[in-house]
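# Observations on the model geometry
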Amino acid sequence: MQILLLLILVIFIGCNNDSVDDEIINGGSKIFVTLQDLDYLAIVRASDLAVLDTIKIDLNGMDMMGMNEAPHDVAVDNLNNYFFTTAMMGGHVGMYSTDDNQFISSYPIAQMPALLSLDKVNMKLYVSRGMTGNGIETNIIYELSYANNMLELINEWPVLFEYAHGIHFDETSGNVFVVSKTNDYIAKINPNEPVSGSNPMLVSMDIETTTNPTIPVNRLRPIHISAKYPYMFITCSAGEWMANQESYDEINGQVQMWNMEDMNLLATAEFDVYSRPWHIEVSPIEDKIFIALAGGPENSDSGVACLEFNNFNNEYMLNEVWKNTSSEYGTMHGITVEYDCDGNYFVYATGRTDGTIYKFDPDTGDEISRTNLAPSGNAATGGIDIDSSCGDACCD
């Protein structure tokens, strides 16, 4: 079945590329999306969601053994013209050129590399791991350098909690922030200082129920981080919670707003119990954040939402601006935002269970267009990132 899907994907891309010339390909923003089930990464033109190219991900020879590499996340450095992906099952991080999409380098991560965050100025890459159990250790954050046109290990950052998954490097503070998907804790890492009793700094996200970073609680289930200094935003998928064998509770999915300097919780916005807030992205031009809502097939529709954050008389607030959910959306996963020098401003999200990329209006949440990245088959889409047509600094 997988071979048939791959053949259809190749034919589909070839037909699309007949109408795409080099000038168009190189002239606009491009979106990078992982196709986890197919071991491919798709490059999509932002303006009309036409597929420009697909990159085969085979970093560890898994394809020859009939096994999946499972590319999970993608991160684009449009300052230095690279993009990176994690082969979760292949156990490697891959480095490619955005100029010609060619493979450059890879680095082995011992167990299931998951999410990525970039320090573009210093050309560093921070990598978390995914999933727990079966002897997999997920309490290490990898710091890699790509300054020499190859991936090299600089440091490994241990945190006390397992399932260190959501990760964000903040270029203003220079710190790395990590959340545990099972232990409801945040780690704040200063990569310019040695590991010590206070580095990483550990903070409970729910002090009433979570007081030990080494004990899994599984109440809030934090997933992903985005930030606009000095504020940090964390999605918590939450849902049904068993505190013990006799205590059952339902916890609303939520987004938490934190001050990344003093690590105080400032505000919380709640969705319904089965909304499952997943990945999150801050607007580059407004005090807004966009959230992918994974939902549940029986309890809550999937979709995207927008929150606005503000501060009035030292009272911080997160208010819903809009929410667009539908039973047609296939378990929203990744989300990214486009803003370029031509004034293009859009939100893009990926459906984990329908192999589709969606484009939304950031002001209203209305769906503008969609493209299925694996016609006749629903390949799981995962991470998403954008290579803007003008880069990070041209609009300053």
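The structure under discussion appears in the preceding block.
Let me sum up the structure you'll find in this document. (Residues numbered from 1 in each chain as written. Predicted model: local features only at pLDDT ≥ 70, side-chain atom pairs only at ≥ 80, totals over all residues. Heavy atoms only, no water.)

## A short note on the overall build of the protein chain
Looking only at helices and strands, the protein chain has two helices and 30 strands in total. Within the protein chain, the fraction of its 396 residues that count as buried is 57%. In the protein chain, of all internal contacts separated by at least 6 residues, the share reaching a separation of at least 24 is 50%. (Helix = DSSP H or I, 4+ residues; strand = E, 2+ residues; numbered from the N terminus. Buried < 20%, exposed > 50% of the residue type's maximum accessible area, 1.4 Å probe, protein only. Contact = heavy atoms within 4.5 Å.)

## Here's the deal with the pattern of salt bridges
For the coordinates displayed, the defined rule picks out six salt bridges. R45 serves as the salt-bridge partner of D48, at 2.4 Å between the closest nitrogen and oxygen. Notably, a salt bridge pairs E143 with K124, separated by 3.2 Å at the nearest N-O pair. Highlighted residues: E143 in strand β10 (residues 140-145) and K124 in strand β9 (residues 124-129), separated in sequence by 19 residues. Grouping residues by exposure puts E143 and K124 together as buried. (Salt bridge = Lys/Arg side-chain N within 4 Å of Asp/Glu carboxyl O.)

## Considering the sheet that holds strand β15 (residues 201-204)
Pairing in this open sheet of four strands is antiparallel, and the strands run β12-β13-β14-β15 from one edge to the other. Two strands close off the open sheet at either side, each with one partner strand: β12 (164-169) and β15. Recorded for the sheet is a direction-independent mean angle of 20 degrees between the axes of neighbouring strands. The pairing of β12 with strand β13 (residues 176-180) spans five bridges and is classified as antiparallel. Paired with H168 across the bridge in β13 is F177. (Pairing = 2+ DSSP bridges. Axes fitted to C-alpha atoms, helices over the stretch in contact; angles between N-to-C directions.)

## Examining the sheet that holds strand β29 (residues 367-372)
Strands sit in the order β26-β27-β28-β29 across an open sheet of four strands; the sheet is antiparallel. Each edge of the sheet is formed by a strand with only one pairing partner; in this case those strands are β26 (332-339) and β29. In this sheet, neighbouring strand axes are inclined to one another by 20 degrees on average, regardless of whether the strands run parallel or antiparallel. Summarising the sheet, strand β27 (residues 345-351) and strand β28 (residues 356-360) pair through five bridges and their orientation is antiparallel. Looking at β28, one finds that Y348 is bridged to K359.

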